[in-house]
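If you want the building blocks of each chain, they are given just below.
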Amino acid sequence: HETHDRHDTHITMGNDASKANAGGLTFVDHIAALAAADRAVEAALAAAMDEELKNWRNVARARLQEAVRAGHEMAPILLKGVEKNTRDALKNMGNLMKTLDGESAETLLTSGMSSAQSGMWETAAMLFRKAAALGNHDGVLIYANRLNDGRGVRKNLAASNVWMRHGAEKGHAGCQYNLGIDAERTGDIKTAIAWYTKAAENGSDKAMVNLGMFYEKGNGVPQDWAQALRWYEAAAALKNPTGIQNAANCHNHGWGTPKDLAAGTAVLRRGAEAGVPIAQARLASCYERGEGVEKSWPEAIRWYTAAAEQGEGVSQFNLGNCYANGWGVASNGSKATYWYNRALRSGVHQALGALLRFGLPMLDDEDLQQLAMTPEAKYAKHLAAAEAGDAEEMDTVAILLLNGEGVKADPEAGLAWLERALQAGSPSAMVTKGN
């Protein structure tokens, strides 16, 4: 948990991206080409909508072929429509394109996100490009990514590079960070640091962490722990998990600042209260061990639970240990089973050994979901099945009502359900009646 993969980002350009523009493509060139492609698509759709134009297919085909060559996102799909003679569909697209005229960049970006979520990648890429052309920074970043990965538009590393640089020069932190990643990958540390610095100054928490690591290791800059801590703390303030951990480590070990476990714990606490799972996990560990705070099992359980419920695997495993051994809580085999199984699904392989050691079962997804349910939810589930006519579920509802589990105890209603279970032929109801 104490290292950061600088390349782990939702936007990365390929290793060849910085070299892809050897032909000298400029942003103005690409914008001009796409504008021409837009005009060609508009002409094709106008031909399809012209009821009096007899050779509309030939006109539309020729113009769409131009648009395909220029890299228009929708042109390949529209060209297929022409070949299949789906004129009505082309008319609908023409009407849709008209509605985009005059839309704000924010509306286009939102529509692009919706299209992407629906798997309509070509439409999404076109909308992202239009938002980008109107100056929307997020649109620039996303469209550059689509050109890089070829999702919804023909892959074009040179064009991706010019769009990314355009966004970076306009001050977009994400584009600047991405150019820093690309420069670092190619070994150009000086350029990487320059872009990371710009991105960090514009609010990129990941760039802040990367700068901190350069100063920590003295890579491309003189080693300076105080500067490293400065950037880690800036990232931590933006809830960056690695920034939080590294800032805490600096305080705990006295790197760039006097050693102070309480200060390290305070960093973790701010992250934990902000909902960062790894900060919650490490704060729980501090309370378990009494590091930087007074030892407190209730607080340890509280924070392990908060992290575990967000999917943090080590915390899930630790909670399993707590419930299996009775550390800070009453021993509870069901809860230990649940958290060990959750940890196993999170990739914590030690959980399998714990299950075997304590003689606890491995659960399938349905059983795990059942264990996760509240008593009230379990009662509601059993009641629904009983009302649907399941005799064994009728007996279960009877027991829950008699014992007041997940529902207010109601012996009269419980006995009524027991009688229904007996009449429906439930074997277990006979045992319940005897009990």
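Residues numbered from 1 in each chain as written. Predicted model: local features only at pLDDT ≥ 70, side-chain atom pairs only at ≥ 80, totals over all residues. Heavy atoms only, no water.

**Student:** Help me understand the pattern of salt bridges, please; the structure alone is not making it clear to me.
**Tutor:** Side-chain pairs of opposite charge can arise whenever the charged atoms involved come near each other. As enumerated under the stated definition, the model contains seven salt bridges in all. Among the ionic pairs, Arg63 bridges to Glu66, the shortest N-O distance being 3.2 Å. In this pair, Arg63 and Glu66 both sit in helix α2 (residues 56-70), three residues apart, roughly one turn of the helix. What makes Arg63 partly exposed here is its relative accessible area of 27%. Measuring nitrogen to oxygen at the nearest pair gives 2.5 Å for the salt bridge that ties Asp149 to Arg146. Placement of the pair is Asp149 and Arg146 together in helix α7 (residues 137-149), with a separation of three residues, close to one helical turn. Shared partners join several salt bridges into a network, and the residues in it are Asp38, Glu73, Arg129 and Lys130. (Salt bridge = Lys/Arg side-chain N within 4 Å of Asp/Glu carboxyl O. Helix = DSSP H or I, 4+ residues; strand = E, 2+ residues; numbered from the N terminus. Buried < 20%, exposed > 50% of the residue type's maximum accessible area, 1.4 Å probe, protein only.)

**Student:** In this structure, what is going on with unusual backbone geometry? I would like to understand it.
**Tutor:** Trans is the prevailing form of peptide bonds, just as negative phi is the prevailing case for residues other than glycine. Phi is positive for Lys239, which is not a glycine, with a value near 70°. Note that Lys239 resides in the loop between α12 (225-237) and α13 (241-253).

**Student:** Before we go on, may I ask you to explain the packing of aromatic side chains in this structure?
**Tutor:** A complete count under the given rule lists nine aromatic pairs for this structure. Here the aromatic rings of Tyr196 and Phe214 are separated by 6.0 Å at their centres, their planes lie at 35°, and the arrangement is tilted. Here the residue Tyr196 occupies a position in helix α10 (residues 189-201), and Phe214 occupies one in helix α11 (residues 205-217), the gap between them amounting to 18 residues. For Tyr196, a relative accessible area of 0% translates into the label buried. The exposure class assigned to Phe214 is buried, which follows from its relative accessible area of 1%. (Phe/Tyr/Trp six-rings, centres within 6.5 Å; stacked < 30°, edge-to-face > 60°.)

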